[in-house]
Amino acid sequence: MSLITALESKSTTEASLRFPIYLDHNATTPCDEAVLQAMLPYFCNDFGNAASMYGLHGWNAHKAVEQAREKIADALGAQPENFIFTSGATESNNLGIRGVFRACNHKGKHIITSSIEHPATLATLRDLEHEGARVSYLEPLPDGSFDIDAMKAAITPETILITVMYANNEIGTINPIDDIAFIAKQHDILFMSDATQALGKVDINLTTCPIDILTCSAHKIYGPKGVGGLYLRHQHGNRVVDIRPQITGGGSEQGLRGGTLNVPGIVGFAKAVELAQRELSNGAIDKVEQLRDKLEDGLLELQQVQVNGMSEERLPHVCNVSFQDTDGKKMLSLLKKSISVSTGSACSSSNLSPSHVLTALGLSDELAQATIRFSLGRHTTEAEIDFALNKVREVAALTLRV
């Protein structure tokens, strides 16, 4: 192929791309068309209040909610009555953590967590410290994985809750959730896991793994924003803990969460879970991992690049890389019009402070601020990865400090 032909081919390929290329799926995902179509009838036709079941409109809405609950619970290996709907993972985390503390603080006030949890967990725990909670924030192992031995050492007779995310939102490490759950059970301690980033990416089976509380959100799996859920284990027909509601009024969702249910969002959530489970079973997620590996291998050809969170167990679509001796702020500015990426959690990316996850791994503030999280999605193409690699190489050369 001649140089002119190659350049023409490259130009044609780039012309077919949609800019900026979206590689920030850990922040949020576009709503899938099938999800949108499933939701539409519940905006204008079956618009009833699911709590008002005496009329046909309300009854149809109620049926849609319960069918959605069954679908999501089945995907998780849970019973429908164990799953309630919320406005998202942040509300679910607050309900789980605050609910357990206020229900169990007569037994003890000690909580164990990881120092690299999502801000929705860390901010809630810090707030509870003002109410007397004593929290152990465990540092991660060098590869970003959870330190089981440190957890064992931190357990006391006063420990009432261990809360550890299923997979990290910034570096993608998957935590040893089964091991944590069984150790917690041995000590009669409640175990909660934020599975927001893991849902739809890894197999979650609550039949075999004794997680007591699990939280999740729809918008990370091509569902709508503003809807999420909380799973609460039952034992011998009763909840393992009688958590206290944080939003009162109306008594919906078994009295755990007041407010009118978001029926279109709930229907969309269930459809998104259905599609995600299909991708797990048909191997589509493996193709995303192959593209992630291609991106990562290409970036590692740059001498100043290091990958963060190189745990053996890692989400298949996440690549978190730092650029040494690089002006991180300038680099992100130059990439902005071409590629959508993040420096860390979407909930804290507006904060100028370096990522708490990366500093916990030992990165300097300067290196943490010269870090990019790439998170691929189901629609990411090889052409987009090729473009992203070339663009990052170009920008890295322009922002290298000499």
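On a predicted model such as this, the values are computed, not experimentally measured, just so you know.

**Student:** Could you give an account of the sheet that holds strand S2 (residues 83-86), naming the residues involved and the relevant values?
**Tutor:** In spatial order, the strands read S2-S8-S7-S6-S5-S3-S4; together these seven strands make up an open sheet with mixed pairing. The open sheet has two free edges, formed respectively by S2 and strand S4 (134-138), since each of these has just one partner strand. Averaged over all pairs of adjacent strands, the angle between strand axes in this sheet comes to 20°, irrespective of strand direction. As paired elements, S2 and strand S8 (residues 228-232) share four bridges and run antiparallel to each other. The residue bridging Phe85 from the neighbouring strand is Gly229, located in S8. Of the strands in this sheet, S2 and strand S7 (213-217) touch helix H4 (residues 56-76), which is tilted by about 115° from S2. Helix-sheet contacts for helix H9 (residues 263-282) involve S2, S7 and S8, and the interaxial angle to S2 is about 125°.

**Student:** Requested: an account of the pairing of strand S3 (residues 110-114), with residues and values cited.
**Tutor:** Judged by how many residues are buried, S3 sits mostly within the fold: five of five residues are covered. Burial along S3 is two-sided: His110, Ile112 and Ser114 facing one way and Ile111 and Thr113 facing the other are all buried. Here S3 pairs with S4 via five bridges, running parallel. Each residue of the ladder has a partner; that of Ser114, found in S4, is Leu138. Handedness of the crossover joining S3 and S4 through helix H6 (residues 119-129): right-handed. Relative to strand S5 (residues 159-163), S3 runs parallel, the two sharing four bridges.

What counts, and at which threshold
Residues numbered from 1 in each chain as written. Predicted model: local features only at pLDDT ≥ 70, side-chain atom pairs only at ≥ 80, totals over all residues. Heavy atoms only, no water. Pairing = 2+ DSSP bridges. Helix = DSSP H or I, 4+ residues; strand = E, 2+ residues; numbered from the N terminus. Axes fitted to C-alpha atoms, helices over the stretch in contact; angles between N-to-C directions. Contact = heavy atoms within 4.5 Å. Buried < 20%, exposed > 50% of the residue type's maximum accessible area, 1.4 Å probe, protein only. Right-handed = clockwise from strand over helix to strand, strands pointing away.

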